[in-house]
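Here's the letter readout for the chains.
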Amino acid sequence: MPRWLNRFAWFTAFATLLLICSGGMVTSKGVGLAVPDWPTTFGYNMFLFPVSKWIGGFFFEHTHRLIASTVGFLTIILAVWLWRTENRQSVKTLGLIAAAGVILQGILGGLRVTMLRDQIGIFHACLAQAFLGLVVLIAIVTTNFWRSLAPVDVDPRKFAWIKMMAIATTIAIYVQLALGATMRHQHKDLAILDFPTANGAWIPDTSAAALAKINAWRDARALSDVDAFQVWLQMAHRFLAVLIGVAVIAFCVRIWKDARAVAALRRLSILWALLFFIQFTLGAWTIWSNKAADVATTHVAVGAIMLSFGVSAWAICRRVLPTRNL
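Residues numbered from 1 in each chain as written. Predicted model: local features only at pLDDT ≥ 70, side-chain atom pairs only at ≥ 80, totals over all residues. Heavy atoms only, no water.

Colleague: Would you mind going over the nonpolar core in detail, with residue names and values included?
Modeller: Side chains that are nonpolar tend, in soluble globular proteins, to be buried together. If you look at the biggest cluster of nonpolar residues, it comprises 67 residues, and the most contacted ones within it are Phe 159 and Phe 251. Among the elements of the structure, α1 (2-28), α2 (56-85), α3 (89-115), α4 (118-141), α6 (156-184), α8 (228-258), α9 (263-288) and α10 (293-319) are those that each provide at least two residues to this core. Listed in part, the eight residues of the second largest apolar core include Ile 192, Ala 198, Leu 211 and Met 235. (Core = buried A, V, L, I, M, F, W, Y, C linked by side-chain atoms within 4.5 Å. Buried < 20%, exposed > 50% of the residue type's maximum accessible area, 1.4 Å probe, protein only. Helix = DSSP H or I, 4+ residues; strand = E, 2+ residues; numbered from the N terminus.)

Right under this line is the structure:
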């Protein structure tokens, strides 16, 4: 039974990642309001909307709703399953929080449609990432691997730094995902169209004269105008990406130097660093492709996986106890 519970938890996490990809595709294609009503779909019961009408933007928005409903259903089953079979109150509580989170997420998705407010969409996207991290945490703590983790021979002071690096990097990744969500929900063209430079310079000029010249160039190409906030928002996304890269690589180095005894962290740190390079490449490709929907959505998905790795690293660091005396 515990094995099937854990498999179900991982399946729920996978479904959540699929939901995030679906949401990213909806936003990238600009079809978030293709279906104007909620919880119905063009007056139909959401689950009875004719398949023949799943075309164009309706397909992406409607399937996003169906996947969301499935994730909600899976999460409630997971919460009940945990409550009935788990003997750890903390894990039961995680299940209840997940159930409350998925209900709130569904309501926010509906309000985004009915209230037509991009701010709700940003919060909706950020909560989705946090929810994925929570479900991944539930999946980790219900594994046999989690129960088998034993104290290791490492320096407690050095391991304390490793734990701090894990949580700080995870928080930075979450902030980065929030910045990305803010840019996507502006529903505009890219504020900066070149990379690694920014409007031809390493540090963009956002003076009134420079912006007027940039917008004149953009108007001639039927692109949306930009302001200083949009330019610096994208630059903040780039700067933070570099900082996250440094943090992930530093975490990997510290693990291999000071905590080699924790095999799980060794493997995870290598994969985390590899994911960063993939994500950085996808970020550049998103710009070079002028925000192609499939590339941008893959960028969102890998960002979510990086956050999940951060949550996993932090959880394992919290679980492992150093045994070496000071």
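Colleague: So what's going on with the packing of α4 against α10? Residues and values would help.
Modeller: Orientation of α4 relative to α10, taken along the N-to-C sense of each, is 45°, at an axis distance of 9 Å. When the axis of α4 is compared with that of α10, the two are oblique. As for how α4 packs across α10, the hand of that crossing is right-handed. For the pair α4 and α10, contact is made by Gln 129, Leu 132, Gly 133, Val 136, Leu 137 and Ile 140 and by Val 300, Ala 304, Leu 307, Ser 308, Val 311, Ser 312, Trp 314 and Ala 315, respectively. Here the residues of the contact of α4 with α10 are counted per class, giving 10 nonpolar, four polar and no charged. (Axes fitted to C-alpha atoms, helices over the stretch in contact; angles between N-to-C directions. Parallel < 35°, antiparallel > 145°, perpendicular 65-115°, else oblique. Left-handed = near helix turned anticlockwise from the far one by under 90°. Contact = heavy atoms within 4.5 Å. Nonpolar A, V, L, I, M, F, W, Y, C, P; charged D, E, K, R; others polar.)

Colleague: An account of the side chain of Thr 297 is requested, with residue identities and associated values reported.
Modeller: Among the secondary structure elements, Thr 297 is positioned in helix α10. A polar contact of 3.4 Å, which involves the side chain of Thr 297, links it to the backbone nitrogen of Met 25. Ignoring any residue separated from it by four or fewer positions in sequence, one finds Thr 297 in contact with Cys 21, Gly 24, Met 25 and Ser 28. (Polar contact = N/O pair within 3.5 Å; in protein donor to acceptor, adjacent residues only side chain to side chain.)

Colleague: Which residues make up the packing of aromatic side chains, and what are the values?
Modeller: Inspection of every chain in the model, using the stated rule, returns 10 aromatic pairs. Look at Phe 8 and Trp 81: their rings are 5.5 Å apart centre to centre, the planes differ by 50°, and that puts the pair in the tilted class. With Phe 8 in helix α1 and Trp 81 in helix α2, this residue pair connects regions lying 73 residues apart in the sequence. Relative accessible area serves as the criterion here: at 15%, Phe 8 is assigned to the buried category. An angle of 85° between the planes, with centres 5.4 Å apart, marks the rings of Phe 251 and Trp 272 as edge-to-face. Of the two residues, Phe 251 sits in helix α8 while Trp 272 sits in helix α9, which places them 21 residues apart along the sequence. One exposure class covers both Phe 251 and Trp 272, and it is buried. (Phe/Tyr/Trp six-rings, centres within 6.5 Å; stacked < 30°, edge-to-face > 60°.)

Colleague: I'd like a rundown of α1, residues and numbers included.
Modeller: Compared with an ideal rise of 1.5 Å per residue, which puts 27 residues at 39 Å, α1 spans 39 Å between its outermost C-alpha atoms and is within 8% of the ideal. Count one or two residues on from α1 and you reach Gly 30, which has phi positive near 65°. (Expected span 1.5 Å × (residues − 1).)

Colleague: Can you lay out the pattern of salt bridges for me, pointing to particular residues and giving the numbers?
Modeller: As enumerated under the stated definition, the model contains six salt bridges in all. Of the charged contacts, one joins Asp 118 and Arg 112 as a salt bridge, the two residues approaching to 2.9 Å between their closest N and O atoms. Taken together, the shared-partner salt bridges in this structure form one network comprising Glu 86, Arg 88 and Arg 147. (Salt bridge = Lys/Arg side-chain N within 4 Å of Asp/Glu carboxyl O.)

Colleague: Give me the lowdown on α8, citing residues and values where you can.
Modeller: Here α8 is 31 residues long and its end C-alpha atoms lie 44 Å apart, about the 45 Å a rise of 1.5 Å per residue gives. The backbone nitrogen of Phe 229 has a side-chain oxygen 3.2 Å away, supplied by the residue at the start of α8, namely Asp 227.

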